[in-house]
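# Tertiary structure, described
Listed below, chain by chain, are the residues.
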Amino acid sequence: MSETDLNVTAHEVPRRADFVRRRLRAIDAFIDLVLEGDPTPTPETVAERAGVSRASVFRYFESLDVLRAETTGRVLERFVDLFELGEPSAVSPADRAADFVDSRLRFHETLHPLGLLQRRHGADPDAAATIDLGRTLLADQVRAYFERDLEPLDDEHREDVVTTIAALTSIESWQQSSHSHGRTSAQTRRAWISAITAVIAGAGSSTGRNLS
């Protein structure tokens, strides 16, 4: 490599790093604006929050749809504590359900503006794919967390339980409970714990096995 090439590379590296930092600031700005109550951040508000120009926002992202799609990965990085469930320590299915519900409620109560924003754009193929990916990830968490309860079941009943718990504790369910029906967090918690416990017990009864 010539000295000229080395000089070009030496200048390109910091420029690239600066581009990545500014782009990340724009993504964080979009996330923060939505979480603070702005359901439709504009290029101007994103630019102002990120400390970049409006033109820069469109250099970093082809459109606001692309910017919105980029938020999913960043949310996973910033709010990893809300995604991670840890190993279930409770002994009984009801106690495991309570720990799981507490985690899901913290997740929805913090991040629901972003989840609902994605669903408002669900007709867009990229947004729909992101929604489906999120649902798959959350269902995988259900499968892993309740492994002890699911192990005695056959494959069909196991997936019945997983998909039912995933749907029951979804953002759509949380929105309907808290907003459409005016249920408090404590009421939603009680209902979800009772329902999960009943689903697990019912699946065990249908296969003639005791899951406790």
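Because the structure is a prediction, the values reported are computed rather than measured. (Residues numbered from 1 in each chain as written. Predicted model: local features only at pLDDT ≥ 70, side-chain atom pairs only at ≥ 80, totals over all residues. Heavy atoms only, no water.)

## Remarks on the environment of Pro-41
- Inspection of the secondary structure puts Pro-41 in the loop between helix H1 (3-35) and helix H2 (43-50).
- According to the relative accessible area criterion, Pro-41 is buried, its value standing at 5%.
- For the pair Pro-41 and Phe-30, spaced 11 residues apart in sequence, the C-alpha to C-alpha distance is 6.5 Å.
- Not counting chain neighbours up to four residues away, the residues in contact with Pro-41 comprise Phe-30, Leu-33, Val-34, Val-46 and Leu-64. (Helix = DSSP H or I, 4+ residues; strand = E, 2+ residues; numbered from the N terminus. Buried < 20%, exposed > 50% of the residue type's maximum accessible area, 1.4 Å probe, protein only. Contact = heavy atoms within 4.5 Å.)

## Re helix H10 (residues 171-180)
- Every buried residue belonging to H10 is among Ile-171, Ser-173, Trp-174 and Ser-177, and all of these are buried. For H10, the arc enclosing every buried residue in end-on projection is 160°, short of the 170-degree limit, so these residues lie on one face. Exposed side chains of H10 directed beyond 90 degrees from the buried face belong to His-179 and Ser-180.
- A positive phi of about 65° marks Gly-182, the residue just after H10. (Arc of directions from axis to C-beta.)

## Re the packing of helix H6 (residues 93-120) against helix H7 (residues 125-145)
- Viewed as axis vectors pointing N to C, H6 and H7 meet at an angle of 175°, and their least axial separation amounts to 13 Å. For the element pair H6 / H7, the angle class is roughly antiparallel. In this structure, H6 uses Arg-96, Asp-99, Phe-100, Arg-104, Phe-107, Gln-118 and Arg-119 to contact H7, whose residues at the interface are Ala-127, Thr-130, Ile-131, Arg-135, Leu-138, Gln-141, Val-142 and Tyr-145.
- Along the lines of polarity and charge, the residues of the contact of H6 with H7 split into seven nonpolar, three polar and five charged. (Axes fitted to C-alpha atoms, helices over the stretch in contact; angles between N-to-C directions. Parallel < 35°, antiparallel > 145°, perpendicular 65-115°, else oblique. Nonpolar A, V, L, I, M, F, W, Y, C, P; charged D, E, K, R; others polar.)

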